[in-house]
Amino acid sequence: GEDVEQSLFLSVREGDSSVINCTYTDSSSTYLYWYKQEPGAGLQLLTYIFSNMDMKQDQRLTVLLNKKDKHLSLRIADTQTGDSAIYFCAGIKAAGNKLTFGGGTRVLVKP
Amino acid sequence: NAGVTQTPKFRILKIGQSMTLQCTQDMNHNYMYWYRQDPGMGLKLIYYSVGAGITDKGEVPNGYNVSRSTTEDFPLRLELAAPSQTSVYFCASSPGPNYGYTFGSGTRLTVV
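All figures in this text were calculated on a predicted structure; none of them were measured in a lab. Every chain is numbered on its own, with residues counted from 1 as its sequence reads. Lettering for chains starts from A, numbering for ligands starts from 1, and both go in the order in which the items are written. Given that the model is predicted, a residue must reach a pLDDT of at least 70 before its local features are reported, and side-chain atom pairs must reach 80 or more before they are shown or counted; all residues, however, enter totals for whole chains, interfaces and linings. With hydrogens and water set aside, each side-chain value is computed from the structure's full complement of heavy atoms.

Asks: Account for the overall build of chain B, with residues named and values stated.
Replies: Secondary structure summary: chain B contains 0 helices and 11 strands in total. Helix and strand definitions here come from DSSP, where helices need a minimum of 4 consecutive H or I residues and strands a minimum of 2 consecutive E residues; each element is numbered from the N-terminal end. What you see in chain B, going N to C, is helices and strands ordered as β-β-β-β-β-β-β-β-β-β-β. With respect to the three principal axes, the spread of C-alpha positions in chain B is 35 × 25 × 25 Å. Between buried and exposed lies partly exposed: a residue is buried under 20% and exposed over 50% of the maximum accessible area for its type, with that area taken using a 1.4 Å probe on protein chains only. With 112 residues in all, chain B has 46% of them scored as buried. Accessible area of chain B: about 5300 Å², with a carbon and sulfur share of 52%. A gap of 9 Å separates the mean positions of the 9 positive and 7 negative side-chain charges of chain B. Per-residue and other accessible areas were derived by the Shrake-Rupley procedure at a 1.4 Å probe size, with only the shown protein chains allowed to occlude residues. Only four residue types enter the tally: Lys and Arg on the positive side, Asp and Glu on the negative side, with His and both chain ends excluded. Here the site of a charge means NZ on Lys, CZ on Arg, CG on Asp, or CD on Glu.

So, in structure tokens, the structure goes:
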């Protein structure tokens, strides 16, 4: 499997941008995902990026992938209080059939 | 549009008791997974299945068993509950390996 690491906590003011970072060890990862977990709920798929892409934008979400450094980031523009949650990055290898998750980053949005 | 349904939502077990966590999906997904999430931690894979009749171990299978007799259902069995199995258990499904997972809302299990 591969290791996926994330910082534990991020505090941001409402209206600012949030950047959540993730590093992974396996360079053969084909798809990388971002999931959101709200309190007491399951994980919800936010977005994903294929390994041959450098960037993907989806409304307020921007995913950046630096394959050389094995670094993935999720930027949330105009962060809202509803964005307070735990965010997980996850990766899957080519010919693999299961995701490996990072430990999650708890994002707290302050008014 | 049920998606992935897990039951029960909460359960308290005594040490040594057994129980089955139920998971069913109505999306005709071949792949199904069981994860556990310990407080403040990420998800660890317990077991997974790539289709009916096929199951395989994940990172932390000890103390658990699964079966996959139908595409829809993937129950997780705890035979002799231990305090170390206190956790939130999530079931997930996907159409294939490179698709995002759909998660259930979780079962919070406490073993006392």
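Asks: Which residues make up the pairing of strand β9 (residues 85–93) of chain A, and what values go with them?
Replies: All names here are of chain A. Burial runs high along β9: 8 of the 9 residues are buried. Pairing between strands requires that DSSP locate at least two bridges from one strand to the other. Two strands pair when backbone bridges link them, and strand β4 (residues 29–37) and β9 are joined in this way by 8 bridges, in the antiparallel orientation. Its bridge partner being in β9, Tyr35 is matched across the sheet by Phe88. Pairing of β9 with strand β11 (residues 105–110), which is carried by 3 bridges, proceeds in the antiparallel orientation. The residue of β11 that forms the bridge with Ile86 is Arg106.

Asks: A description of the sheet that holds strand β1 (residues 4–7) of chain B should follow, citing residues and the corresponding values.
Replies: Residues and elements named next belong to chain B. On the basis of which strands lie adjacent, the open sheet formed by 4 strands has the order β1-β3-β8-β7 and antiparallel pairing. If you trace the sheet from one side to the other, it starts and ends with β1 and β7 (64–66), each paired once. Between one strand and the next, the sheet's axes are offset by a mean angle of 20 degrees, whatever the strand orientation. By the bridge criterion, 3 bridges tie strand β3 (residues 19–25) to strand β8 (residues 76–78) in an arrangement that is antiparallel. Each bridged residue has a counterpart across the sheet, and for Thr20 the counterpart in β8 is Arg77. A fitted line through C-alpha atoms serves as each axis, taken over the contacting stretch for helices, and the angle formed by two N-to-C directions is quoted from 0 to 180°.

Asks: Give me the lowdown on the packing of aromatic side chains, citing residues and values where you can.
Replies: Two rings from Phe, Tyr or Trp (for Trp, the six-membered ring) form a pair when their centres sit within 6.5 Å of each other. Planes less than 30 degrees apart are called stacked, planes more than 60 degrees apart edge-to-face, and all others tilted. What the rule picks out here adds up to 18 aromatic pairs over all chains. Their ring planes at 85 degrees and their centres at 6.4 Å tell us that Phe90 of chain B and Phe103 of chain B sit as a pair that is edge-to-face. Of this pair, Phe90 of chain B sits in strand β9 (residues 87–94) while Phe103 of chain B is found in strand β10 (residues 102–103), placing the two residues 13 residues apart along the sequence. Judged on exposure class, the residue Phe90 of chain B and its partner Phe103 of chain B are both buried. Sitting over the face of the ring of Tyr48 of chain A, Lys56 of chain A holds its NZ or CZ atom 3.7 Å from the ring centroid. Directly above the ring of Phe74 of chain B sits Arg68 of chain B, whose terminal nitrogen or CZ lies 5.9 Å from the centroid. Lysine NZ or arginine CZ positioned within 6 Å of the ring centre and within 35 degrees of the ring normal marks a charge as sitting over the ring.

Asks: Report on the layout of surface pockets, specifying residues and quantitative values.
Replies: Size it by volume and the largest pocket reaches roughly 600 Å³. Method remark: on a 1 Å grid restricted to protein atoms, a set of points is classed as a cavity if a 1.4 Å probe fits but cannot get out and as a pocket if it is open with protein on both sides within 12 Å along at least five of seven lines; lining residues have an atom within 4 Å of a point. Lining the largest pocket are 30 residues, and of these Gln37, Gly40 and Ile86 of chain A together with Gln37 and Arg108 of chain B sit closest to its centre. Across the lining of the largest pocket, the residue classes break down as 13 nonpolar, 12 polar and 5 charged. Grid points are joined across faces, edges and corners, and a volume is the space filled by probe spheres set on the points. Residues were grouped as follows: Ala, Val, Leu, Ile, Met, Phe, Trp, Tyr, Cys and Pro as nonpolar; Asp, Glu, Lys and Arg as charged; and all remaining residues, including Gly, as polar.

Asks: Describe the environment of His71 of chain A, with residues and values.
Replies: Residues and elements named next belong to chain A. Checked against the element boundaries, His71 lands in strand β8 (residues 71–76). When its relative accessible area of 25% is taken as the criterion, His71 is described as partly exposed. For His71 and Tyr24, which are 47 residues apart along the polypeptide, the C-alpha to C-alpha distance reads 6.6 Å. Those residues in contact with His71, other than ones at most four positions away along the chain, are Asn21, Cys22, Thr23, Tyr24, Leu64, Leu65 and Asn66. In the analysis that follows, any N or O atom pair within 3.5 Å is treated as a polar contact, provided that within protein one partner can donate a hydrogen and the other can accept it, and provided that, for residues neighboring in sequence, both atoms belong to side chains. Within the structure, His71 has its side chain in polar contact with the side chain of Asn21 (distance 3.3 Å). In this analysis, two residues are considered to be in contact whenever any of their non-hydrogen atoms come within 4.5 Å of each other.

Asks: Could you give an account of the sheet that holds β8 of chain A, naming the residues involved and the relevant values?
Replies: All names here are of chain A. Pairing in this open sheet of 5 strands is antiparallel, and the strands run β1-β3-β8-β7-β6 from one edge to the other. In the strand order of this sheet, the two ends are held by β1 (4–6) and β6 (55–58), each with one partner. Strand-to-strand twist of the sheet, defined as the mean angle between neighbouring strand axes without regard to direction, takes the value 15 degrees. Across 3 bridges, β1 lies against strand β3 (residues 18–24) in antiparallel orientation.

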